[in-house]
Amino acid sequence: SVAHERTAKENFREDFSKRVYYVGDQVWRIYKHNDSVNDLVEQHDQNGSYQIWSNHPLTVDIFVRSRMLYNVDLLLNNCRIKYEVLIKDVQKAIDDGNVRLTTAMEAELEGRKGHRMEWTSYHELNDIYGYLDYLANTYPDVCSVQSIGNSIEGQPLKVLRISNGRTNAPAIWIDGGIHAREWISPAAVTYIIDYLVENSDVLQTDYYILPVANPDGYRYTFKYDRLWRKNRRKGTLCSGVDLNRNFGYRWGGQGTSSNMCYETYRGSKAFSEPETNAIRNFFENSLANYKAYISFHSYGQYILYPWGYDQRLPPDYRDLDAVGLEAAEYMKYEGGDNTKYIVGNSAITLYPAAGGSDDWAKALLKIKYAYTIELRDTGKYGFLLPPQYIIPTAKEALAAIKVITSAIRK
Ligand code: ARG
Ligand code: ZN
């Protein structure tokens, strides 16, 4: 047992030394007074000065390391570009978001037999997987869990199927957590699961749900780096492939990088990554009748439809726009505090980015209602959305799924 203790301590020391800290780093919002601002901001993205967190139509949010604050301020001032500080100390925002469970909640979870899931805090991968397994064991008539493959570090990619066995039911695919740091996404998706299972007796639709599409990245954000986005492929200079640039439709186009050190690194070829490849294989072998393909991300509060690779619209975009608008309306109604979601084509509303899951689902799987939904917020906390917003945000996400479910039946 002494040997055992030593290992535990050593593990701790190792974890500790690999942790990434963000003390003094900031997030700024830049105002696009004119068209040249966007070009200038994109030109310096990831060259060491800052990283773009989110690019909105009128503003762009950038993450700036503390040692670069002075330089970036100078650059922006020289160009007379106005900005505002959104997050004054990123490390503090990370710590604030990592609130431990209350002792009462911890005691409650200890006393439970089945699983540790709840929606007042963000949960690690094991809790989410434990919850999926619990559902499959407890409700075998409606739930089943399947591992559709393994991540690059060998973790299973668990898909939950919820179905009450009606024949010829239409099907909806939902995924979350493609981007590791977008913690609200798996949290909202598991909340949707909870609702669907509770109401499974009336379901007319089959759901196939992958709450954590990037389990290695997700685990890495808990252990080492809260702001990690990509998967965990080891590279020579840098690690990670952006899984939402790795799908095989128009792979390698705009908004993607061939540089492995970039946040938008597309990988060596389409479906080079085990995570995206597993999703492709799953669909190739699935006989379900998919009508909608929904990927949950954060942040910005957008309901986005194809195409993402370029500012073009699919022939039936009006249908997607209409259902999107209906979803946005109901989300606002359910959200409680006047949350507004903007509906639009992905490349026009946000920015062009090729190799996304939505484009692939629409173009090659021919699933009509393909959406990427960017959950809360609009930038106050960005990826570091505090846990008290999980339930309100998840309610909005569920509202969107309800509207889409009813739309595909028409
Ligand atoms: N924020 C998402 C991303 O950058 C948006 C994806 C929208 N879809 C697309 N095909 N570009 O991955
Ligand atoms: Zn994302």
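Fair warning: this is a prediction, and the values are worked out from it, not measured in the lab.

So, the overall build of the protein
When helices and strands are tallied, the protein shows 13 helices and 12 strands. Over its C-alpha trace the protein gives a radius of gyration of 21 Å, about what one expects of a compact globule, namely 22 Å for 410 residues. Put simply, the protein has 410 residues, and 56% of those count as buried. Only carbon and sulfur atoms are counted for the fraction: they give 49% of the accessible area of the protein, which is about 18300 Å². Side chains of the protein carry 48 positive and 50 negative charges; the gap between the two charge centres is 2 Å.

Some points on the packing of aromatic side chains
Applying the stated criterion to the full structure yields 32 aromatic pairs. Taking 5.7 Å as the distance between ring centres and 75° as the angle between the ring planes, the aromatic pair formed by Phe-247 and Phe-271 counts as edge-to-face. Pair noted here: Phe-247 is in the loop between helix H8 (215-223) and helix H9 (274-285) and Phe-271 is in the loop between H8 and H9, with a separation of 24 residues, a long-range link. According to the relative accessible area criterion, Phe-247 is buried, its value standing at 0%. A ring pair is formed by Phe-283 and Tyr-290, whose centres lie 4.8 Å apart and whose planes are at 55°; its orientation type is tilted. The buried category is assigned to Phe-283, whose relative accessible area is 8%. Classification of Tyr-290 by relative accessible area gives buried; the value is 10%. Each residue in the set Trp-173, Tyr-208, Phe-247, Phe-271, Phe-282, Phe-283, Tyr-290, Tyr-293 and Trp-360 is aromatic and connected to the rest through ring pairs, giving one cluster.

Brief notes about the coordination of the zinc ion (ligand 2)
Protein coordination at the zinc ion (ligand 2): the donors are His-179 (ND1), Glu-182 (OE), Glu-182 (OE) and His-297 (ND1), at 2.0 to 2.3 Å from the metal. Around the zinc ion (ligand 2) sit 4 donor atoms, and with donor-metal-donor angles ranging over 57 to 149° the site reads as irregular. Spacing between the donor residues of the zinc ion (ligand 2) along their common chain follows H-x2-E-x114-H. With Glu-182 in the loop between strand E7 (170-176) and helix H7 (184-198) and His-297 in strand E9 (residues 289-298), the pair connects residues that are 115 residues apart, well separated along the chain. Assessed through its relative accessible area of 3%, Glu-182 is described here as buried.

With respect to the nonpolar core
Grouped together as the largest cluster of nonpolar side chains are 59 residues, with contacts concentrated most on Ile-162, Ile-174, Ile-193, Ile-294, Phe-296 and Tyr-371. By residue number, the principal contributor to this core is helix H13 (residues 390-407), which donates 10 residues. Excluding its chain neighbours within four sequence positions, the residues that come into contact with Ile-193 are Tyr-131, Leu-132, Leu-135, Leu-160, Ile-162, Ile-209 and Pro-211. Trp-173, Tyr-208, Leu-210 and Ala-363 belong to the second largest nonpolar core, which has 27 residues in total.

Observations regarding the sheet that holds strand E11 (residues 342-345)
Whether parallel or antiparallel, the strands of a sheet pair through hydrogen bonds between backbone atoms. The 8 strands lie next to each other as E5-E6-E8-E7-E9-E12-E10-E11, forming an open sheet whose pairing is mixed. A single partner strand is all that each edge strand has here, and the edge strands are strand E5 (143-150) and E11. The average angle at which neighbouring strand axes cross in this sheet is 20°, direction not considered. Pairing of strand E10 (residues 302-305) with E11, which is carried by 4 bridges, proceeds in the parallel orientation. Across the sheet, Tyr-302 pairs through a bridge with Ile-342, a residue of E11. On the sheet, H9 packs against E5, strand E6 (156-162), E7, strand E8 (206-210) and E9 and is oriented at approximately 130° with respect to E5.

Some points on the packing of H7 against H13
With their axes 8 Å apart at the nearest point, H7 and H13 run at an angle of 60° to one another. Between H7 and H13, the interaxial angle falls into the category oblique. The crossing of H7 and H13 is right-handed. Two secondary-structure elements touch here, H7 through Ile-184, Ala-187, Ala-188, Tyr-191, Ile-192 and Tyr-195 and H13 through Ile-390, Ile-391, Thr-393, Ala-394, Lys-395, Ala-397, Leu-398, Ile-401 and Lys-402. Partitioning the contact of H7 with H13 into residue classes produces 12 nonpolar, 1 polar and 2 charged.

Structural notes on the state of the cysteines
Under the defined criterion, the tally for this structure stands at 1 disulfide. Cys-238 shares a disulfide with Cys-261; S-S distance 2.1 Å. Residues Cys-238 and Cys-261 are joined through a disulfide that is right-handed, its torsion about the S-S bond being 90°. Of this pair, Cys-238 sits in the loop between H8 and H9 while Cys-261 sits in the loop between H8 and H9, placing them 23 residues apart in sequence. Of the residues examined, Cys-238 reaches a relative accessible area of 24% and is grouped as partly exposed.

Details of unusual backbone geometry
Of note, the bond from Ser-298 into Tyr-299 is cis; its omega dihedral lies within 30 degrees of zero at 5°. Within the fold, Tyr-299 resides in the loop between E9 and E10. Along the chain, Pro-306 connects to Trp-307 via a cis peptide bond; the corresponding omega equals 5°. As for its position among the elements, Trp-307 is in the loop between E10 and helix H10 (317-335). We note that Phe-271 has phi near 60°; this positive angle belongs to a residue other than glycine. Even without glycine at this site, Gln-301 takes up a positive phi of about 65°. Secondary-structure assignment places Gln-301 in the loop between E9 and E10.

Overview of the sheet that holds strand E2 (residues 50-55)
Across the sheet, which stays open at both edges, the 4 strands sit in the order E2-E3-E1-E4 with antiparallel pairing between neighbours. Edge positions in the sheet fall to E2 and strand E4 (83-87), since each has one partner strand and no second. If you compare each strand with its neighbour and ignore which way they point, the axes differ by 30° on average. Here 6 bridges tie strand E1 (residues 26-31) to strand E3 (residues 59-64), and the two strands are oriented antiparallel to one another. From the neighbouring strand, Ile-30 faces E3, where its bridge partner is Val-60. This element, helix H2 (residues 35-44), spans E1, E2 and E3 of the sheet and lies at about 135° to E2.

Rules used in this analysis
Residues numbered from 1 in each chain as written. Chains lettered and ligands numbered in written order. Predicted model: local features only at pLDDT ≥ 70, side-chain atom pairs only at ≥ 80, totals over all residues. Heavy atoms only, no water. Helix = DSSP H or I, 4+ residues; strand = E, 2+ residues; numbered from the N terminus. Rg over C-alpha atoms; globule rule 2.2 N^0.38 Å. Buried < 20%, exposed > 50% of the residue type's maximum accessible area, 1.4 Å probe, protein only. Areas by Shrake-Rupley, 256 points an atom, 1.4 Å probe, with all protein chains shown as cover. Lys, Arg positive; Asp, Glu negative; His and termini not counted. Charge placed at Lys NZ, Arg CZ, Asp CG, Glu CD. Phe/Tyr/Trp six-rings, centres within 6.5 Å; stacked < 30°, edge-to-face > 60°. Donors = N, O, S within 2.8 Å, 3.2 Å for Na, K, Ca; no water. Tetrahedral: all angles 85-135°; square planar, octahedral: opposite > 155°, others 65-115°. Core = buried A, V, L, I, M, F, W, Y, C linked by side-chain atoms within 4.5 Å. Contact = heavy atoms within 4.5 Å. Pairing = 2+ DSSP bridges. Axes fitted to C-alpha atoms, helices over the stretch in contact; angles between N-to-C directions. Parallel < 35°, antiparallel > 145°, perpendicular 65-115°, else oblique. Left-handed = near helix turned anticlockwise from the far one by under 90°. Nonpolar A, V, L, I, M, F, W, Y, C, P; charged D, E, K, R; others polar. Disulfide = S-S within 2.5 Å.

Just geometry here; none of it tells us what the structure is for.
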